Amino acid sequence: MRSGVTLFSEAAVSIALVDNDMVRAAAVADRDPARAEAWRSIFPFPLTREYMHSKAILDRKMLDIPDAAHAPADLAVGAKNFLRSGYRAVTIVPLMRGDQAIGALSVVRVAPGPLSDKQLATLKTYADQAIIAIENTRLLNELRESLERQTATSEVLKVISRSPGDLQPVFCNTGECRPPM
């Protein structure tokens, strides 16, 4: 994300992810920490078409707003929320996992105006890389959870194998210790 800040001067690069019916900021990079915090402060917001990020996610299409002060009327609620951050322009690319948008990568700019074709192409490449990183993190977390379950199961099986026919140690080991009947 830091390299995105270099390419997009006077801009923040951010990743927002869908969390149930809300859009939450997952990562924000900006050279100015105060601006980055101002950007984070507009999140979370509802996953509804009134909000620019939400619209890009729900429609699974890039959305470019060169000046949020003149955003389309159907985005008035989201534009008002966006402008509170101190930024004026935004370009949003949905993060696609298969046919499903799981979030969005965006470049928000202080000065109004569109991105160049080169910047748009780079933003799309960043979005592809971001989805790979997000998917790898998800798979790693699933692997850790599976390993924890397997370790717990293994420990219970060890206790059972050490005391065949006597389940008292098994229940005591799992926190369900009861006196024998």
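Further up the page is the structure itself.
The structure displayed is predicted, hence computed values, not measured ones. (Residues numbered from 1 in each chain as written. Predicted model: local features only at pLDDT ≥ 70, side-chain atom pairs only at ≥ 80, totals over all residues. Heavy atoms only, no water.)

**Here's the deal with the overall build of the protein chain**
Here is step 1 of the chain: Across its full length, the protein chain carries six helices and six strands.
Here is step 2 of the chain: Counting helices and strands in the order they occur from the N terminus, the protein chain gives α-β-β-α-β-α-β-α-β-β-α-α.
Here is step 3 of the chain: Contacts in the protein chain between residues far apart in sequence, at least 24 positions, make up 53% of those at least 6 positions apart.
Here is step 4 of the chain: If you sum the accessible surface of the protein chain, you get close to 10,600 Å²; carbon and sulfur atoms cover 56% of it. (Helix = DSSP H or I, 4+ residues; strand = E, 2+ residues; numbered from the N terminus. Contact = heavy atoms within 4.5 Å. Areas by Shrake-Rupley, 256 points an atom, 1.4 Å probe, with all protein chains shown as cover.)

**What to know about empty space enclosed by the protein**
Here is step 1 of the chain: Scanning the model with the defined rule gives one cavity of 30 Å³ or more in all.
Here is step 2 of the chain: In this structure, the largest cavity encloses a volume near 50 Å³.
Here is step 3 of the chain: Lining the largest cavity we find Trp-39, Ile-42, Phe-45, Tyr-51, Met-52, His-53, Gly-78, Asn-81 and Phe-82.
Here is step 4 of the chain: Elements represented by at least two residues in the lining of the largest cavity include exactly helix 3 (52-59) and helix 4 (76-83).
Here is step 5 of the chain: No other element matches the three residues that helix 4 contributes to the lining of the largest cavity.
Here is step 6 of the chain: Of the residues belonging to the lining of the largest cavity, the class tally is six nonpolar, three polar and no charged. (1 Å grid on protein atoms, 1.4 Å probe; cavity = no way out; pocket = protein on both sides within 12 Å on 5 of 7 lines; lining within 4 Å. Points joined across faces, edges and corners; volume = space filled by probe spheres on them. Nonpolar A, V, L, I, M, F, W, Y, C, P; charged D, E, K, R; others polar.)

**Some details on the pairing of strand 2 (residues 22-29)**
Consecutive side chains of a regular strand alternate in pointing toward one face of the sheet and then the other.
Here is step 1 of the chain: Note that strand 1 (residues 11-19) and strand 2 share seven bridges and pair antiparallel. Note on strand 2: the bridge partner recorded for Val-13 is Ala-29. (Pairing = 2+ DSSP bridges.)

On their own, these measurements won't tell you what the molecule is for.
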